[in-house]
Amino acid sequence: MDWEKEDRKYFGDIFKQINSKFHRCFWPKESCSEEAIRAHSIQNSGVLDLISENNHVIMPQMGLDIEKGPFLKFEEIGRNKATTFTGLCDKHDSELFKPLDTVKFDPGNIEQLFLLSYRSVMRELHAKMKAAVDIQSQYGRGVELGRFNPEIVDQPMKMATMVIAEAYSFYLYKFEYDKIYLSMNFKNIVHNVDYIENISPSIAVSSAFSFIDNMHYLEDRQNPKCVCLNIFPDKNGIFIIFSYRKDQEAKLLPYLERFFQAEKFYKLYIVSKLVLMYCENLVLSPKFYNNLSDERKNLIKDFFMQNIWGEKKDSENEALCLFN
Ligand SMILES: [Zn+2]
């Protein structure tokens, strides 16, 4: 067998998978068969207005290099594409987020706060489902080409199984959000809202993540513990909003205490590291990013890469701060 050719074909297929879209409308009321559009997880008008420059923002782009394996780079991307996910059809995206997207944000409005975190949850589910579909078909291709033996529980099989289990577990988490949305019991989600004034807009984030490995214990697999983080600027400052389920508060607070107790500017540093350790759905303003020294850009990239793909490894360095 010509392995070189087969390898190239195999990795070519993986690359296509990663670049292909995963369409599905997550409308919670009834099943919807309309094709999903590119929905913004971070508001295009308002938020990206303040962050973009010449209609572009900076986003981490992850991919696969045939020679070097996974890679990550911060790249300029058009604002209309930035942070989008194909998780809702046009009609349902507008209907669901109308109270958030067409009315000025009010940090006291629990429906808006709920929708903000709901959108982070939907984006995360979409990302996890896409990863599961991709890995599963990569594994299937590998078996077809004789690279993996489906009779043996090897690393690729474990990986394919784990990614599918993670997507399913997070699907259960999103289902709780659907129930809250349908019953309008918005108070079941707790929000910690910080507003820090006189900070120029350098970053926006919409992310749902976990501080623990939800796959480790059955109890967490069936009832994953997650937090949503939304960061976005307005004209005078920046909102930093943590959201989580009220019934999970006791489990999550220990991880958030350091942030909650910090002084204003120290908060910005702590949250920057949390973003780099746990969140992949972020945009940076070109004005901020392009002015960083190459050394600082590399430091941020290395810290991010280590934590997103490797084992979590915290360290202290104020150059990791993502605010001006
Ligand atoms: Zn729909």
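Our subject is the structure that appears above.
Let me begin by describing the structure that accompanies this report.

About the cut-offs
- Each chain has its residues counted from 1, following the order in which its sequence is written.
- Under the rules for a predicted model, residues below a pLDDT of 70 receive no local features and side-chain atom pairs below 80 are neither given nor counted, while totals for whole chains, interfaces and linings still include all residues.
- Helix and strand assignments come from DSSP, with helices taken as H or I runs of at least 4 residues and strands as E runs of at least 2, each series counted from the N terminus.
- Note on method: radius of gyration uses C-alpha positions; expected globular size equals 2.2 Å times residues raised to 0.38.
- Between the buried cut of 20 or more and the exposed cut of 12 or fewer other C-beta atoms within 10 Å of a residue's own C-beta lies the partly exposed class, and all C-beta atoms are placed from the backbone.
- Contacts are defined on C-beta atoms placed from the backbone: any two residues whose C-beta positions lie within 7 Å are in contact.
- Lines fitted to the C-alpha atoms define the axes, with helices restricted to the stretch that makes contact. Angles between their N-to-C directions range from 0 to 180 degrees.
- By the definition adopted for this analysis, an angle is roughly parallel if under 35 degrees, roughly antiparallel if over 145, roughly perpendicular if from 65 to 115, and oblique otherwise.
- Here is the rule for handedness: rotate from the far helix to the near one, and if that takes an anticlockwise turn smaller than a right angle the crossing is left-handed, while a clockwise turn gives right-handed.
- Note that Gly is not counted as nonpolar here; it falls among the polar residues with everything else outside the nonpolar set of Ala, Val, Leu, Ile, Met, Phe, Trp, Tyr, Cys and Pro and the charged set of Asp, Glu, Lys and Arg.
- What makes a nonpolar core is a set of buried Ala, Val, Leu, Ile, Met, Phe, Trp, Tyr and Cys residues, with links drawn between C-beta atoms within 7 Å.
- By definition here, a helix of n residues has an expected span of 1.5 Å times n minus one.
- Here, strands pair whenever DSSP counts at least two bridges between them.

## Here we look at the overall build of the protein
Within the protein, the secondary structure is distributed over 10 helices and 9 strands. A compact globule built from 324 residues would reach a C-alpha radius of gyration of about 20 Å, and the protein, at 20 Å, matches this within 12%. Its C-alpha atoms give the protein principal-axis dimensions of about 65 × 50 × 40 Å. Each of the 324 residues in the protein was classed as buried or not, and the buried ones make up 32%. Here the contacts in the protein between residues at least 6 apart in sequence split such that 75% fall between residues at least 24 apart.

## So, the packing of helix H4 (residues 110-144) against helix H5 (residues 155-183)
Following both chains from N to C, one finds H4 and H5 inclined at 155°, their axes separated by 8 Å at the closest point. Our classification of the angle between H4 and H5 gives roughly antiparallel. Taken as a pair, H4 and H5 cross one another with a handedness that is left-handed.

## Regarding unusual backbone geometry
Although it is not a glycine, asparagine 54 sits at a positive phi angle of roughly 50°. Tracing the chain through its elements places asparagine 54 in the loop between helix H2 (44-51) and strand S2 (56-65). On the basis of neighbour counts, which here come to 8 C-beta atoms within 10 Å, the residue asparagine 54 falls in the exposed class. Phi is positive for asparagine 55, which is not a glycine, with a value near 65°. Following the sequence through the fold, asparagine 55 ends up in the loop between H2 and S2. By C-beta crowding, asparagine 55 is classed as exposed, having 11 other C-beta atoms within 10 Å.

## Overview of the environment of serine 52
With respect to the helices and strands, serine 52 occurs in the loop between H2 and S2. For the pair serine 52 and valine 163, spaced 111 residues apart in the sequence, the C-alpha separation amounts to 33 Å. Setting aside chain neighbours within four positions, we find serine 52 in contact with Val57 and Arg79.

## Some thoughts on the packing of helix H3 (residues 90-101) against H4
At a minimum axis distance of 8 Å, the contact between H3 and H4 shows a crossing angle of 130°. When the axes of H3 and H4 are compared, the pair comes out oblique. Where H3 crosses over H4, the two elements pack in a sense that is left-handed. Taking contact as the criterion, the partners of Phe97, Pro99 and Leu100 in H3 are, on H4, Glu111, Gln112, Leu115, Leu116 and Arg119. A per-class count over the contact of H3 with H4 returns 5 nonpolar, 1 polar and 2 charged.

## Quick look at the nonpolar core
Ranked by internal contacts, the top residues of the largest apolar core, which has 67 residues, are Ile203, Ala204, Ile231 and Val283. In contact with alanine 204, not counting residues within four places along its chain, are Ile42, Val47, Ile51, Ile231, Phe232, Pro233, Leu282 and Val283.

## Overview of helix H8 (residues 264-278)
The terminal C-alpha atoms of H8, which comprises 15 residues, lie 21 Å apart, in line with the 21 Å expected from a rise of 1.5 Å per residue. Along H8, the positions that sit buried rather than exposed are Leu268, Val271, Ser272, Leu274, Val275 and Leu276.

## Things to note about the environment of isoleucine 135
Secondary-structure assignment places isoleucine 135 in helix H4. The buried category is assigned to isoleucine 135, around which 20 C-beta atoms lie within 10 Å. If sequence neighbours within four positions are ignored, isoleucine 135 has contacts with Met159, Ala160 and Val163.

## Topic: the pairing of strand S7 (residues 227-233)
Counting buried residues in S7 gives 7 out of 7 residues, a clear majority hidden from the surface. Burial along S7 is two-sided: Val227, Leu229, Ile231 and Pro233 facing one way and Cys228, Asn230 and Phe232 facing the other are all buried. Judged from the 5 bridges that link them, strand S6 (residues 203-209) and S7 form a sheet pairing that is antiparallel. Within S7, the position partnered with valine 205 by the bridge is isoleucine 231. Sheet analysis places S7 next to strand S8 (residues 237-245), joined by 6 bridges and oriented antiparallel. Across the sheet, the residue bridging to cysteine 228 is serine 243, located in S8.

These values are about where atoms sit, not about what they do.
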